[in-house]
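Structural overview
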Amino acid sequence: MATTAQNFYELYRRSSLGTALTDTLDDLITEHRIDPQLAMKILANFDRAITEVLQEKVKSRLTFKGSLDTYRFCDEVWTFQLKNIIFKMDNGGQVVSADKVKIVACTAKPNANN
């Protein structure tokens, strides 16, 4: 385990899992069961853990096709807004379609272990 501090994107805090964690921590703070500083440490640990698990464990790939509505690159973050999207799993699995999709892609931060 690296001894140097490493920052991770807070991107996954807006996922359903991250939102549930944040709501729970807010409730615990409101009930004076934990300090806000502990909640911030828990969220930082969540940011690290979710990033590492997704990077190491998820091996599935998919392709998608649709119409690019808008795109933007600001502060090392790409944002794409797409319309009429069709997602297909590479292994011939499920096909999913959507009217609108927003994709946020961040530049990978260097790993402290490399």
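Provided above is the structure to which this section pertains.
In this text the structure is predicted, and so the values were computed from the model without any measurement.

Let's talk about the pattern of salt bridges
Evaluation of the coordinates by the stated rule reveals five salt bridges. Between Asp47 and Arg13 there is a salt bridge, with the nearest N and O atoms lying 2.6 Å from each other. With Asp47 in helix 2 (residues 36-57) and Arg13 in the segment before helix 1 (16-30), this pair connects stretches of sequence that are 34 residues apart. Across the salt bridge formed by Arg48 and Glu52, the nearest N and O atoms sit 2.9 Å from each other. Residue Arg48 and its partner Glu52 are located together in helix 2, separated by four residues, close to a single helical turn. Using a relative accessible area of 28% as the deciding quantity, one classes Glu52 as partly exposed.

Examining the sheet that holds strand 2 (residues 77-89)
Taken in spatial order, the three strands line up as 1-2-3 in an open sheet, and their pairing is antiparallel. With one partner strand each, in any of the chains shown, strand 1 (62-74) and strand 3 (95-106) form the two edges of the open sheet. In this sheet, adjacent strand axes meet at a mean angle of 20 degrees when their direction is disregarded. Direction of pairing for strand 2 relative to strand 3: antiparallel, over a ladder of 11 bridges. Within strand 3, the position partnered with Gln81 by the bridge is Lys102.

Observations regarding a nonpolar patch on the surface
Residues Leu68, Tyr71, Phe73 and Trp78 make up a contiguous nonpolar surface patch of roughly 440 Å² in combined accessible area. No other element matches strand 1, which puts three residues into the nonpolar patch. Inspection of the secondary structure assignment puts Phe73 in strand 1.

Description of the packing of helix 1 against helix 2
Interhelical geometry of helix 1 versus helix 2 gives an angle of 165 degrees and a closest axis separation of 10 Å. Relative to helix 2, the element helix 1 is oriented roughly antiparallel. Remark: the crossing between helix 1 and helix 2 carries right-handed chirality. For the pair formed by helix 1 and helix 2, the contact residues are Leu17, Gly18, Leu21, Thr22, Leu25 and Ile29 on the first element and Pro36, Ala39, Ile42, Leu43, Phe46 and Ile50 on the second. Classifying every residue of the contact of helix 1 with helix 2 gives 10 nonpolar, two polar and no charged.

Some thoughts on the packing of aromatic side chains
Per the stated rule, a full pass over the model turns up four aromatic pairs. With 6.4 Å between their ring centres and 35 degrees between their planes, Tyr71 and Trp78 make a pair best called tilted. Ring geometry for Trp78 against Phe80: centres 5.5 Å apart, planes inclined by 10 degrees, an arrangement best described as stacked. In textbook terms, an aromatic cluster arises when at least three aromatic residues are bridged by ring pairs, as seen for Tyr71, Phe73, Trp78 and Phe80.

Here we look at the layout of surface pockets
As a volume, the second largest pocket reaches approximately 220 Å³. The wall of the second largest pocket is formed by Leu11, Tyr12, Leu54, Val58 and Val104.

About the cut-offs
- Residues numbered from 1 in each chain as written.
- Predicted model: local features only at pLDDT ≥ 70, side-chain atom pairs only at ≥ 80, totals over all residues.
- Heavy atoms only, no water.
- Salt bridge = Lys/Arg side-chain N within 4 Å of Asp/Glu carboxyl O.
- Helix = DSSP H or I, 4+ residues; strand = E, 2+ residues; numbered from the N terminus.
- Buried < 20%, exposed > 50% of the residue type's maximum accessible area, 1.4 Å probe, protein only.
- Pairing = 2+ DSSP bridges.
- Axes fitted to C-alpha atoms, helices over the stretch in contact; angles between N-to-C directions.
- Patch = residues over 30% accessible without salt bridge, like charges linked within 9 Å, V, L, I, M, F, W, Y side chains within 5 Å.
- Areas by Shrake-Rupley, 256 points an atom, 1.4 Å probe, with all protein chains shown as cover.
- Parallel < 35°, antiparallel > 145°, perpendicular 65-115°, else oblique.
- Left-handed = near helix turned anticlockwise from the far one by under 90°.
- Contact = heavy atoms within 4.5 Å.
- Nonpolar A, V, L, I, M, F, W, Y, C, P; charged D, E, K, R; others polar.
- Phe/Tyr/Trp six-rings, centres within 6.5 Å; stacked < 30°, edge-to-face > 60°.
- 1 Å grid on protein atoms, 1.4 Å probe; cavity = no way out; pocket = protein on both sides within 12 Å on 5 of 7 lines; lining within 4 Å.
- Points joined across faces, edges and corners; volume = space filled by probe spheres on them.

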